[in-house]
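Residue-level listing of the chains:
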Amino acid sequence: MQSYTIGQAARLLGVSPDTARRWADAGRVATHRDEAGRRLIDGQDLAAFSVELARTGGGEEDASYTSVRNAFPGIVTAIKLGDVAAQVEIQAGPHRLVSLLTREAVEELGLEVGMEATARVKSTNVHIDRV
């Protein structure tokens, strides 16, 4: 399972590291420490927290989240696999992006809930890059 530092989590949530640290201190998202003493957030916990944050509008900052070249770095929050097709959801700050792609593509990318990924939007297509 992938884990994220406070700084990485802040970037994925679209907030400052100080805000992410305050949320962790307040117990809004669970953290643990690695061997070096850094605070980490498990990917699945961060994915669940990002969905809840987007649903409740619980951000403390009113900063707008913009993309460069239509790239939305975020965290995979849900994957629904069918026999041939798949649906992948990414929470990128306040933005929820959903992409329909082949099951084979999801498996080749090794996508899992809690993993960092980038959604790239071109016209009506959303492409997913594994980080």
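Since the model is a prediction, treat every value here as computed from it, not as a measurement. (Residues numbered from 1 in each chain as written. Predicted model: local features only at pLDDT ≥ 70, side-chain atom pairs only at ≥ 80, totals over all residues. Heavy atoms only, no water.)

Quick look at helix α2 (residues 17-25) now. Every buried residue of α2 is listed here: Thr19, Ala20, Trp23 and Ala24. Down the axis, α2 shows its buried residues gathered within 140° of arc, on one side only. On the buried face of α2, the contacting elements are α1 (6-13), β3 (39-42) and α3 (43-56). (Buried < 20%, exposed > 50% of the residue type's maximum accessible area, 1.4 Å probe, protein only. Helix = DSSP H or I, 4+ residues; strand = E, 2+ residues; numbered from the N terminus. Arc of directions from axis to C-beta. Contact = heavy atoms within 4.5 Å.)

Next up on the list: the environment of Arg11. Tracing the backbone through its elements, the reader meets Arg11 in helix α1. Accessibility expressed as a relative area gives 41% for Arg11, which makes it partly exposed. Here the side chain of Arg11 touches Glu116 through a polar contact of 2.6 Å, side chain to side chain. (Polar contact = N/O pair within 3.5 Å; in protein donor to acceptor, adjacent residues only side chain to side chain.)

Strand order in the open sheet made by the three strands is β1-β3-β2, with antiparallel pairing throughout. Strand pairing shows two members of the sheet lacking a second neighbour, β1 (3-5) and β2 (32-33), which therefore form its edges. Against the sheet, α1 contacts β1 and β3, and its axis sits at roughly 95° relative to β1. Lying on the sheet, α3 is in contact with β1 and β3; it crosses β3 at an angle near 70°. (Pairing = 2+ DSSP bridges. Axes fitted to C-alpha atoms, helices over the stretch in contact; angles between N-to-C directions.)

Here we come to the confidence of the model for the protein. Per-residue pLDDT for the protein has a mean of 87; in total, 89% of the residues score no lower than 70. Per-residue pLDDT stays below 50 along residues 61-68; that stretch engages in 11 contacts with residues further than four places along the chain or on separate chains. (pLDDT = per-residue confidence, 0-100.)

Before going further, it helps to spend a moment on α3. With 14 residues, α3 extends 20 Å from end C-alpha to end C-alpha; this agrees with the ideal 20 Å at 1.5 Å per step. For α3, the full list of buried residues reads Gly43, Leu46, Ala47, Phe49, Ser50 and Leu53. Down the axis of α3, the sector holding all buried residues measures 170°, keeping them to one side. Of the surrounding secondary structure, the elements contacted by the buried residues of α3 are β1, α1, α2, β3, β4 (71-81) and β5 (85-92). In the segment just after α3, Gly57 is the residue with positive phi, at about 65°. (Expected span 1.5 Å × (residues − 1).)

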